[in-house]
Amino acid sequence: MSQKILVLGANGTVGKHLVAELLARGEQVKAASRNATPMEGAEAVAFDFTTATGAIEPLLDGVDRLFLMLPTGYVNSYELLAPVAQAAIDRGIKVVFQSVLGVDADDSIPYRQVELMLINSGVASVVLRPNWFMDNFVNFWLPGIQHDVIAVPAAEGQSSFIDARDIAASATAALTSSAFDNQQFNLTGPQAMGYADAAELIGEAIGRSLAYQPLSDDDFIAMLTQAGVPADYAGFLASIFAPVRMGWTAAVSDAVEQLTGNAPRTLEAWIAEHQAVLASQG
Ligand SMILES: NC(=O)c1ccc[n+]([C@@H]2O[C@H](COP(=O)([O-])OP(=O)(O)OC[C@H]3O[C@@H](n4cnc5c(N)ncnc54)[C@H](OP(=O)(O)O)[C@@H]3O)[C@@H](O)[C@H]2O)c1
């Protein structure tokens, strides 16, 4: 009989869709968040990466698969992820790891080190490397959109933005089938576009004229820290726009279709579904 799936970040951008999909497939889910936020149909459990020592072990009881991810806002990714990955490896638990597009370019990148730890473990694993989320336009860039501007240090770089639901659907496939074990997938949306294109599409949908303002790293960091983002995380966010400027996030893959059988959602469709929040004035 199959055991439970432990989903970290269960109430987050990807996790909330993943938990719903797994439950719809009849899986038993342990849904982890810091305060064990109730999620209908799942067993809510408390887990905090920053106080992880000793805390992950009891959560792994009765679990045969783990969705491993790190919530937004942490720069010490290896330090936080590695103990959890190791605890799963030690128990022979299959891990589906939500990594980040492009980290396989350099084995010294902390996320890549976690990938390699899993790949070399001898335990089944699937690495999912999503590109920039479409959902960032409401989760992070909405205050700017409310002032009719998207201001990021992307220059004219393009990204094949992906809908969080397509990441969740890909993770569902990886968790519920062994067909993808020991493989790595670069998850992208169907089309690459720049922030000026995205601003135009969002502007058209909400009936306002939105500008794209390409920022320098320093101006971006200053904007974020003034908005309350800690300086180290602001610096980290600025650094991950360098691959965008280099054109590396413009690649389009067929991984979502390979994993789920469905083509990934378009930015136009995502915007139409999020029109009300994008048009909100805060
Ligand atoms: N955004 C992007 O464009 C992008 C692109 C590629 C890859 N990624 C990867 O995706 C990750 C974020 O995924 P996501 O957006 O689905 O996650 P998320 O929504 O940022 O976080 C998921 C949940 O984690 C919980 N959480 C926060 N701090 C925690 C802690 N210390 N310990 C345990 N749980 C904690 C939060 O719930 P509670 O507050 O209830 O605990 C939150 O709802 C990034 O860190 C990055 O690695 C993101």
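Worth saying up front: this structure is predicted, and the values here are computed from it rather than measured. (Residues numbered from 1 in each chain as written. Predicted model: local features only at pLDDT ≥ 70, side-chain atom pairs only at ≥ 80, totals over all residues. Heavy atoms only, no water.)

1. Overview of the overall build of the chain
On a plain count of helices and strands, the chain comes out with 14 helices and eleven strands. Against the globule reference of 19 Å for 282 residues, the chain gives a C-alpha radius of gyration of 19 Å, in line with a compact fold. Across its three principal directions, the C-alpha atoms of the chain cover 55 × 35 × 35 Å. Within the chain, buried positions represent 48% of all 282 residues. (Helix = DSSP H or I, 4+ residues; strand = E, 2+ residues; numbered from the N terminus. Rg over C-alpha atoms; globule rule 2.2 N^0.38 Å. Buried < 20%, exposed > 50% of the residue type's maximum accessible area, 1.4 Å probe, protein only.)

2. Observations concerning the site of the ligand
In the vicinity of the ligand lie 25 residues, with Arg34, Leu70, Thr72, Tyr111 and Asn136 positioned nearest. In this structure, a nitrogen atom belonging to the ligand sits 2.9 Å away from a main-chain N or O atom of phenylalanine 49. Measuring from an oxygen atom of the ligand, one finds a backbone N or O atom of leucine 70 at 2.6 Å. In the shell around the ligand, the residues fall into twelve nonpolar, eleven polar and two charged. (Near = heavy atom within 4 Å. Polar contact = N/O pair within 3.5 Å; in protein donor to acceptor, adjacent residues only side chain to side chain. Nonpolar A, V, L, I, M, F, W, Y, C, P; charged D, E, K, R; others polar.)

3. Observations regarding the packing of helix α3 (residues 77–90) against helix α4 (residues 110–119)
At a minimum axis separation of 9 Å, α3 and α4 run at an interaxial angle of 10 degrees. By the angle between their directions, the pair α3 and α4 is classed as roughly parallel. Between α3 and α4, the residues in contact are Ser77, Tyr78, Leu81, Ala82, Ala85, Gln86 and Ile89 and Pro110, Tyr111, Gln113, Val114, Met117 and Leu118, respectively. Taken together, the residues that form the contact of α3 with α4 break down as ten nonpolar, three polar and no charged. (Axes fitted to C-alpha atoms, helices over the stretch in contact; angles between N-to-C directions. Parallel < 35°, antiparallel > 145°, perpendicular 65-115°, else oblique. Contact = heavy atoms within 4.5 Å.)

4. Focus: the pairing of strand β4 (residues 63–68)
Walk down a regular strand and you will see the side chains alternate between the two sheet faces. For β4, a buried count of five out of six residues is recorded, marking the element as mostly surrounded by other parts of the structure. Relative to β4, strand β1 (residues 4–7) runs parallel, the two being bridged by four bridges. Directly across from leucine 6, in β4, lies its bridge partner leucine 66. Sheet topology note: the β4/strand β5 (residues 94–98) ladder contains four bridges and is parallel. Its bridge partner lying in β5, leucine 68 is registered against phenylalanine 97. At this point the chain moves from β4, through α3, to the parallel β5, and the crossover so formed is right-handed. (Pairing = 2+ DSSP bridges. Right-handed = clockwise from strand over helix to strand, strands pointing away.)

5. Quick word on the side chain of aspartate 135
With respect to the secondary-structure elements, aspartate 135 resides in the loop between β6 (125–130) and α5 (136–139). Buried charge without a partner: aspartate 135 forms no salt bridge, and the closest opposite charge is lysine 16, 6.3 Å away. Setting aside anything within four residues of it in sequence, one finds aspartate 135 in contact with Thr13, Ile162, Asp163, Ala164 and Trp270. (Lys, Arg positive; Asp, Glu negative; His and termini not counted. Salt bridge = Lys/Arg side-chain N within 4 Å of Asp/Glu carboxyl O.)

6. A word on the packing of aromatic side chains
Taken as a whole and assessed by the stated rule, the structure comprises 15 aromatic pairs. Centroid distance phenylalanine 140 to tryptophan 141: 6.1 Å. Interplanar angle 65 degrees. Geometry classified as edge-to-face. With 5.5 Å between their ring centres and 35 degrees between their planes, tyrosine 233 and phenylalanine 236 make a pair best called tilted. Within this pair, tyrosine 233 and its partner phenylalanine 236 are both found in helix α10 (residues 231–239), separated by three residues, close to a single helical turn. Overall, tyrosine 233 belongs to the buried group, its relative accessible area being 10%. Every member of this aromatic cluster is reached through a ring pair, and the members are Trp132, Phe137, Phe140, Trp141, Phe161, Tyr195, Tyr212, Phe220, Phe241 and Trp270. (Phe/Tyr/Trp six-rings, centres within 6.5 Å; stacked < 30°, edge-to-face > 60°.)

7. Thoughts on the sheet that holds β1
In spatial order, the strands read β3-β2-β1-β4-β5-β6-β9; together these seven strands make up an open sheet with parallel pairing. Two strands bound the open sheet, and with one partner strand each, they are β3 (43–46) and β9 (183–187). On average, each strand axis in the sheet is inclined to that of its neighbour by 20 degrees, with strand direction left out of account. Pairing between β5 and β6: four bridges, direction parallel. Within the sheet, the bridge partner assigned to phenylalanine 97 lies in β6 and is valine 127. Docked against the sheet, helix α7 (residues 164–176) engages β1, β4, β5, β6 and β9, running at close to 165 degrees with respect to β5.

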